[in-house]
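Take a look at the letters that make up each chain.
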Number of protein chains: 2
Amino acid sequence: MEAFRHFPFETAGEIATAMIRRAYEATQFSPAAQPDIGAIPDAGEGIEGLTEVFRCFLTGSAGLASPGMMGHMDTAPHPAAAFTDALVSAVNNNLLFRELAPFASRVEEMVIGDIGARLGLSAEWAGTFASGGSIANLTALFAAVGGFGDVDKRAQCALFLPECAHVSIRKSAAVLGIAASQVHVVSGDALGRADLSSLRTALRASGARRKVVVGILGSTVHGAVEDIQGLAEISRAHDAWLHVDAIHGGALAFSHRHRELLRGLDSADSVAVGPQKWLYVPRVSSIVWVKDRDRFDRELSVELPYSATGEAHRGRWGLQGSRRADAVTLWAVLRYVGARAVGDQVDRTIDLAGDFWRMLSSDRFLEPTHVPDLNLLCFRYRDNDENAMRLAHQTLGAYGAPWVSLSRWREQLILRSVLLSPSTNETHLARLIESLHRASS
Amino acid sequence: MEAFRHFPFETAGEIATAMIRRAYEATQFSPAAQPDIGAIPDAGEGIEGLTEVFRCFLTGSAGLASPGMMGHMDTAPHPAAAFTDALVSAVNNNLLFRELAPFASRVEEMVIGDIGARLGLSAEWAGTFASGGSIANLTALFAAVGGFGDVDKRAQCALFLPECAHVSIRKSAAVLGIAASQVHVVSGDALGRADLSSLRTALRASGARRKVVVGILGSTVHGAVEDIQGLAEISRAHDAWLHVDAIHGGALAFSHRHRELLRGLDSADSVAVGPQKWLYVPRVSSIVWVKDRDRFDRELSVELPYSATGEAHRGRWGLQGSRRADAVTLWAVLRYVGARAVGDQVDRTIDLAGDFWRMLSSDRFLEPTHVPDLNLLCFRYRDNDENAMRLAHQTLGAYGAPWVSLSRWREQLILRSVLLSPSTNETHLARLIESLHRASS
C-alpha cells in the first residue's frame, strides 16, 4: 500500500503555491473556459492528476479576489487563511473531543471569548463554532425553542421575524417543526426592519408557550441593521428569547467607528456571527453564542457514548459531531493582520458604500434604493425598466465589467452590491456605473 | 489598505509545505507540549504570526497519520486533499449558486453521480454535499418527515432506529420536534443491529402518519452493518421511509470484495455517506442522497431571493446556504490515487480487523467482543476489570504506545479500535496488545 501514501510534498506544495498566487491575482470574474472533468479514473494519475485538478479548478472558478467582484456576500479570504487551511486539513483536528484536538480546542475557546468580548457580550456567554450561517442560526433557534427538552411541545412555539430575515431563519422554522401559522413576519420599514410597536402588538397577541424573536444585524439584501436594543427590551418584557442573526454584521466587533450598531447585543439570548463573510476567512465558518453557559449545557448538551474518557469538550454542544478547526484559520488571519487592520478594513468598506451612495444619488440613469447601514448597497434604473436591467446585468455577466448581483426585493428587481474586496475603490464603482450606462444605451 | 493584502506567497507556501510534511511524518500521537496561544494581537505579526500559528498548531495536535493511531473514526487525509484544500480556500467557491461555482458545481454533480452508481443507486437518485455526517443525517430525516410540507403534522411522525444508531439520529429527532414517545429503539442483536421481526411488529403497532426507519451501514462503536435489504422490504411493506446512515460504511462503494454489504441500498429512500471517514479527505464532508429528484425538489427546495438570475443550482436543497467545494477535494484524492487503490485500501483495513480479531481471540488477557463487519474492532480484558482497563488506557494515553479509544457499550467499558491508517500493520497491533499486557501486570 505504499502507493496509497507516496506523495511528493515539495512538488505539490510548489504547484499549490503558484496556483494560490494566481487565484489572488485573477482579474477575471468568471471563466469562459469549461474545463473537462472526466469520470473518477480507475488508475491513479498521481501528481499529474492533482495538477490537472488544480488547473481546471482555478480556470473554471469565479475570481472573488477581483476588485470588481461585488455581487455576493462572498469574500476572497486572506491568503493566510488559505495556507492555514492546508495545514488544518493535513492535521485534521476534530473539535468533537478535547483529546482529539488539545490545542485547537484552546484556540477555539480563546477566539470565541475574544470576539465575544469585542461584540460586548459579558463573560457568562458561551459559544461554539459551526459550519456556516444556516447551521449557526438553526443551532441557536433549537436552543431557543427548548433544545432537547420539551420536544413534544414544539407545536406551541412561535417565531417572530422581520421581513429582512435570511431564508435560513424560515428554513430553521420548518426544520424545527414550527408551523407556518406560528411564524409571524413583523411588518416594518422599507428595508424590512421590524417595526417595534408592531412586534409588541404581535407578542402581546400571541398565546404561544415559547416565543422567539429574531433580530438582524446586516440583512442579506440591503445589509440592514435592526435596533437590537429596542428588540431586546420588548423581548424581555414578553418573556421571549431574542436571537440576533449577526452572520454578516458581526464583523462590527472589530470596527473602530460603527460599534454603536452593536448596542443592546448583550441583552439578547443568542447571537450568530459568520467570519466567512466579512472577516476574510473561507466558508464555511460561523460562531454561535448562547447567553448563560448553564443554559447552553442544559438545552444543547448530549452524551457521546463512543468516548468514555470524559474530558470537557464542545462536542456536546450544537448540532454537529465532528467539526473542522475553523477557529485556527480565523486565528491565523487575526495573528497575521491584527485586530486593528481588520477594523480598518471593515470601516473602509462601510465608507465606500457611502461614497457609492453619493455617486448613484447624482447619477442620471441609476439611483440607490436606500441609505446603506453597512457595506451593501442596492440600486436600480431610475425608470425602473426591469427588462433593461435584466439585459444590462447579462452584459455584466459576460465578465468584462465589475459585477453585481441581480436580486429581488418585494417583487422588484434590483441590482445589489456587496463591497468586500480590500482592493475595490471608487474607480471600480465608476467603471460599474459606466458599464450600466453603456448597456442601457 | 495595501497592508491588509500584502502577503509573501512563496514564503508562506514553503513553510506550509514543510509543516504539512511534518504532519504526515509524525509518529507521536499527541503532544506533551502546550504551546502558548496569547490573545488576538492589535498589530498584525505578519509572516512571523503565521509561522507561529503553524508551529503551535502542529506541535499541539494529535498525530492522526501515525500508524498507531486507531482510537477514533478520524482519518489522516491523503496529502492531495490537504494541498487541494488550500486552493479550495483561496478560490472560495460557493456551491450555493451555479454562477458562483460554475466548475465546482459540475465536479460535485459528477462525484455524486459516480459514487452513487458505485453504491448501486439507480439514476433517479439525486444528492448534494453537506458539512459532516450529523447535518447529512438531519437533512435526510427532514426530507423523510415531509420537508417544508406538513410542518404542522410533525408530531404525527415516528422514528424507528436500531440501538447501534449514531447519536446524531437521536439529535435529529429532537431538532425535528419528534417527541421521545415517537422514537422507537428496535431491539436487536449484541451489536445493536435491529431485529427484523421486532421492527415489523413495531411498525405494525404504530399509528403514526409518517414512519421513518433508520438503517446503519457501519455503526460508530462496532462498525456493525445492518441487513439493508431486509430493512427495505419491511419499510416498503409498511409505507415507511428508509434512511440508511452509511456515513462510515459508504466507502464500501469502492470495495472489491465486500460490496455485497450494500445489497438493497437502492430500495432505500435516502442515504448519507461521509467521505471524511474512510475515503481519506478532511472533515467536514458528507453526501446525502434522496431517491427521486422530484421528491428532493418537492421536500427540500427553497427559493433564494438574493439571486434572481435563476440558474439551476443545488443551493435550493439541504439545510445549508453557502457550502464549501468539498467535492473538489474528494475529486483530487480520487484523481491522484484512483478508484482501484481506494478500494484496495478499504479491503485491506477490513482484512486487518480480521487479523486483529484472530490475535485477540488467542490472547490470554484480552478478548474481542465481536466479529468485525468492517474495519472496527472492540475488545476488553477477559476478567472484565473496568478499573484495570481504565488505568491501562491512561497509560496508552501517555502516548508511548499505539492508541485506542475507551468507549461504553450497554453500560460496559470496552476498548475500541478503528483501523484507518494505510501504514498500520500487524506489528502495530502486536505492540498495542503488548502495551496492554504490560499495563495490567
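Nothing here was measured: the structure is a model prediction, and the numbers come from that model.

Q: I keep staring at the environment of R390 of chain B and nothing clicks. Help me out?
A: Residues and elements named next belong to chain B. Tracing the backbone through its elements, the reader meets R390 in helix α14 (residues 386–397). Look at R390 and you get partly exposed, because its relative accessible area is 31%. The sequence separation of R390 and L413 amounts to 23 residues, and the corresponding C-alpha distance is 8.3 Å.

Q: Looking at this structure, how should I read the sheet that holds strand β3 (residues 183–186) of chain A?
A: The pairing of strands in a sheet comes from backbone hydrogen bonds and takes either a parallel or an antiparallel form. Residues and elements named next belong to chain A. With respect to topology, 7 strands assemble into an open sheet ordered β1-β7-β6-β5-β4-β2-β3, the strand pairing being mixed. Strand pairing shows two members of the sheet lacking a second neighbour, β1 (125–130) and β3, which therefore form its edges. When the angles between neighbouring strand axes are averaged without regard to direction, this sheet yields 20 degrees. The pairing of strand β6 (residues 270–273) with strand β7 (residues 286–291) spans 4 bridges and is classified as antiparallel. Bridging from a neighbouring strand, V273 pairs with I287 of β7. Packed onto the sheet, helix α5 (residues 102–118) meets β1 and β7 and runs at close to 120 degrees relative to β1. Its contacts with the sheet put helix α6 (residues 133–144) on β1, β2 (157–162), β4 (210–216), β5 (241–246), β6 and β7, and the angle it makes with β5 is roughly 175 degrees.

Q: I'm lost on the pairing of strand β10 (residues 405–409) of chain A in this one. Help?
A: Each regular strand carries side chains that alternate between the two faces of the sheet. All names here are of chain A. Of all 5 residues in β10, 4 are buried, a share of seventy percent or more. In the sheet, β10 pairs with strand β11 (residues 412–418) via 5 bridges, with the strands oriented antiparallel. The residue of β11 that forms the bridge with W409 is Q412. Hairpin remark: β10 followed by β11, antiparallel, with 2 residues in the connecting loop; positive phi at R410, about 50 degrees.

Q: So what exactly am I meant to see when it comes to the sheet that holds strand β9 (residues 376–381) of chain B here?
A: Residue and element names in this part refer to chain B. Within the open sheet, the 4 strands sit side by side as β8-β9-β11-β10. Their pairing is antiparallel. Each edge of the open sheet is held by one strand with a lone partner, namely β8 (366–368) and β10 (405–409). Looking at each pair of strands side by side, their axes are set apart by 40 degrees on average, direction ignored. The sheet contacts of helix α13 (residues 339–361) involve β8, β9 and β11 (412–418), and relative to β9 the element is tilted by about 15 degrees. Strands in contact with helix α15 (residues 426–440) are β8, β9 and β11; relative to β9, the strand with the most contacts, it is inclined by about 20 degrees.

Q: What exactly am I supposed to notice about the pairing of β7 of chain A here?
A: Residues and elements named next belong to chain A. Among the 6 residues that make up β7, 6 are buried, leaving the element largely enclosed by the rest of the structure. Examined bridge by bridge, β1 and β7 share 6 bridges and lie antiparallel to one another. Each residue of the ladder has a partner; that of G127, found in β7, is W289.

Q: Help me understand the domain arrangement of chain A, please; the structure alone is not making it clear to me.
A: For chain A, the domain assignment lists domain 1 (2–60), domain 2 (87–337) and domain 3 (339–440). Distance between the C-alpha centres of domain 1 of chain A and domain 3 of chain A: 34 Å.

Q: How should I be thinking about helix α12 (residues 326–337) of chain B in this particular structure?
A: Three or four residues apart is the spacing at which side chains of an α-helix point the same way, because the helix has 3.6 residues per turn. Residues and elements named next belong to chain B. Between its first and last C-alpha, α12 extends 17 Å over 12 residues, near the 16 Å set by a 1.5 Å rise per residue. Burial runs high along α12: 12 of the 12 residues are buried. The set of residues buried in α12 consists of D326, A327, V328, T329, L330, W331, A332, V333, L334, R335, Y336 and V337.

Q: Any chance you could explain the nonpolar core here in plain terms?
A: Taken as a class, soluble globular proteins show a tendency for nonpolar side chains to be buried jointly. In terms of nonpolar packing, the biggest core is built from 250 residues, with I115 and W289 of chain A together with I115 and W289 of chain B touching the most fellow members. Counting residues per element, this core draws most heavily on helix α13 (residues 339–361) of chain A, which supplies 10 residues. Ranked by size, the runner-up nonpolar core spans 78 residues in total, among them L138, V175, L176 and A272 of chain B.

Q: Just to check I follow, could you spell out the relation of the copies chain A and chain B for this structure?
A: Between the two chain copies there is a screw-like relation: a rotation about an axis and a shift along it. Note on the identical chains: chain A maps onto chain B by a rotation of 180 degrees and an axial translation of 0.0 Å, with an RMSD of 0.0 Å. Between the two chains, the operation in question is that of a two-fold axis. Here 100% of the contact residues of chain A are again contact residues in chain B; the copies associate through an equivalent surface.

The rules we used
- Residues numbered from 1 in each chain as written.
- Chains lettered and ligands numbered in written order.
- Predicted model: local features only at pLDDT ≥ 70, side-chain atom pairs only at ≥ 80, totals over all residues.
- Heavy atoms only, no water.
- Helix = DSSP H or I, 4+ residues; strand = E, 2+ residues; numbered from the N terminus.
- Buried < 20%, exposed > 50% of the residue type's maximum accessible area, 1.4 Å probe, protein only.
- Pairing = 2+ DSSP bridges.
- Axes fitted to C-alpha atoms, helices over the stretch in contact; angles between N-to-C directions.
- Contact = heavy atoms within 4.5 Å.
- Domains from an automatic or database assignment.
- Expected span 1.5 Å × (residues − 1).
- Core = buried A, V, L, I, M, F, W, Y, C linked by side-chain atoms within 4.5 Å.
- Least-squares fit on C-alpha atoms with pLDDT ≥ 70 in both.

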